Amino acid sequence: MSRPRLEVADVFHHHAAAWRRANAGHVSLGQLKVMSAIEQCRTAALGGHVERCQDCGHSRIAYNSCRNRHCPKCQGAAAQDWLAAREADLLPVGYFHLVFTLPVEIAEIAYQNKAVVYDLLFRAASETLLAIAADPRHLGASVGATAVLHTWGSAMTHHPHLHMIVPGGGISLDGARWVRCRPGFLLPVRVLSRLFRRLFLAALADAHSAGRLAFFGELDRLHHRQAFTAHLAPLGRKNWFVYAKPPFAGPEAVLAYLARYTHRVAISNSRLIGLDDRGVTFRYKDYRRSGQARYRTMTLAPGEFIRRFLLHVLPKGFHRIRHYGLLASAACKANIALARKLIAVPAPSVSPPPEHDDAGTTGTAADHRPQCPCCGGRMIIVETFVRTGAPRAPPSPETGIRAPTP
């Protein structure tokens, strides 16, 4: 796999030290750890191993990954592992994509209270979906959903929203049959939007009453109950948007979509164009435009680029992929088996691993070593070396190893 010409790590290598000094005392420990992990990822600082082809003897050095969930380089392999585990949960039905978005007035509060407000977003969106789906006036069934939190817009601004993938149907409330949705239609978005708005605002007000919210800077006045209530009042009359995309073409399309969305970070290395005296230039989409005019480029000063990237560092241990209803971890296997029985399709032969979340940054990963670049043979590990160490002997001279970034 070829290395991108420019990486987020390159921006950090050139400008992170100065940015840390300029923002000392205003950067969280979690953000500092993410910066350090990305800077050290796949360099000698993390150690590594020597691989050798079993067929032709070609050797190469491979440095260890940081495996931080915010690192653009590490999420491809993590997505492969996660998708392999989800493949057995797919049903042979149409799937729908819903997006629950928080208004900008709430996004400001969310940034200062990430763990609380993001959790409320998950809870309000899932309760909305399950309640409306169970209503006999709509689907009248128990449904399942996989929800993925994104906190960014295309230009890395703070834009918290929830992507939800939902099978097109569910198990009847008495558990006796599979209830299919209407072709191309899951649930009315206007009804979903209104209930989502009501549930979220009520939960946010409860969190304020319980003293679970903190406010700083321009939002400091919201500590007072009266000011907070006045801030939320217009939002109860404002239209909240739940977006429903057309259904996917089939389970394979769902997997392809999830591969792009589940382990995405604020910006991928492939979107970076240049790093020079003007700053960092990258591609983004302007959704206010249509057609080819939507695809644009933006240049940010390095400090602003770093600031925007770190806006999206999640609290430690926060799960940004969650499963609800029929797909909730505790009963997922039994529910999927019952759904397949009611739809009258056999179970797949895939045996997924048991993990069902993404909060950790460590653990056993599948072997994603690429094939030998010379003959396509299998590469095996012949030597390992520790952090800041080096292999005992250099690999074969034709490897063309890229030296670790200083």
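Everything discussed here concerns the structure shown above.
Quick caveat, the model's predicted, so the values are computed rather than measured.

This paragraph deals with the overall build of the protein. Along its length, the protein carries 10 helices and 14 strands. Residue burial in the protein is summarised as follows: out of 406 residues, 48% are buried. Taking all contacts inside the protein whose residues are at least 6 apart in sequence as the whole, residues at least 24 apart take part in 72%. Entry remark: accessible area of the protein is about 20400 Å², with carbon and sulfur atoms responsible for 54%.

As a further point, take the sheet that holds strand β2 (residues 59-63). Spatially, β2-β1-β14 is the arrangement adopted by the 3 strands of the open sheet, whose pairing is antiparallel. Two strands close off the open sheet at either side, each with one partner strand: β2 and β14 (379-385). Adjacent strand axes in the sheet meet at a mean angle of 30°, parallel and antiparallel pairs treated alike. Pairing of strand β1 (residues 48-53) with β2, which is carried by 5 bridges, proceeds in the antiparallel orientation. Along β2, the bridge assignment pairs G48 with Y63.

A full pass over the atoms with the stated rule returns 10 aromatic pairs. Measuring from centroid to centroid gives 5.1 Å for F100 and F196, while their planes differ by 70°, and the two rings are edge-to-face. Of the two residues, F100 is situated in strand β3 (residues 95-101) and F196 in helix α6 (residues 189-209); the sequence distance between them amounts to 96 residues. Residue F196 is classed as buried on the basis of its relative accessible area of 0%.

Read from one edge of the open sheet, 3 strands run β4-β7-β8, paired in antiparallel fashion. Every other strand in the sheet has two partners, leaving β4 (141-142) and β8 (178-180) as the edge strands with one partner each. Alignment of β4 against strand β7 (residues 169-172), held across 2 bridges, turns out to be antiparallel. Bridge pairing in β7 places A141 opposite S172.

Before going further, it helps to examine the side chain of H161. Along the chain, the position of H161 falls in strand β6 (residues 158-167). Reaching out from H161, the side chain makes a polar contact with the backbone oxygen of H159 at a distance of 2.6 Å. Filtering out sequence-adjacent residues up to four positions away, H161 remains in contact with V99, F100, T101, L121, V148, L149, H150 and W152.

Structurally, the α-helix is built with 3.6 residues per turn, so residues lying three or four positions apart point the same way. For helix α10 (residues 332-343), which comprises 12 residues, the first-to-last C-alpha distance of 16 Å matches the rise-based estimate of 16 Å (1.5 Å per residue) to within 8%. Turning to α10, the residues buried within the fold contact β7, β8 and β13 (321-325). Once α10 finishes, A344 follows within two positions and takes phi at roughly 70°, a positive value.

Most often, soluble globular proteins keep nonpolar side chains buried together rather than apart. Among the nonpolar cores identified, the biggest contains 51 residues, and I106, V117, L162, M164, F196, F200 and L204 are the most heavily contacted of them. For this core, the secondary structure elements donating two or more residues are β3, α4 (104-112), α5 (114-134), β5 (144-152), β6, α6 and α7 (225-232). If one sorts the elements of this core by residue count, α5 sits on top with 11 residues. Not counting the four nearest positions on each side in its chain, L204 is found in contact with I106, V117, L120, L213, F228 and L232. Residues A9, I38, L272 and L300 belong to the second largest nonpolar core, which totals 33 residues.

Rules and cut-offs
Residues numbered from 1 in each chain as written. Predicted model: local features only at pLDDT ≥ 70, side-chain atom pairs only at ≥ 80, totals over all residues. Heavy atoms only, no water. Helix = DSSP H or I, 4+ residues; strand = E, 2+ residues; numbered from the N terminus. Buried < 20%, exposed > 50% of the residue type's maximum accessible area, 1.4 Å probe, protein only. Contact = heavy atoms within 4.5 Å. Areas by Shrake-Rupley, 256 points an atom, 1.4 Å probe, with all protein chains shown as cover. Pairing = 2+ DSSP bridges. Axes fitted to C-alpha atoms, helices over the stretch in contact; angles between N-to-C directions. Phe/Tyr/Trp six-rings, centres within 6.5 Å; stacked < 30°, edge-to-face > 60°. Polar contact = N/O pair within 3.5 Å; in protein donor to acceptor, adjacent residues only side chain to side chain. Expected span 1.5 Å × (residues − 1). Core = buried A, V, L, I, M, F, W, Y, C linked by side-chain atoms within 4.5 Å.

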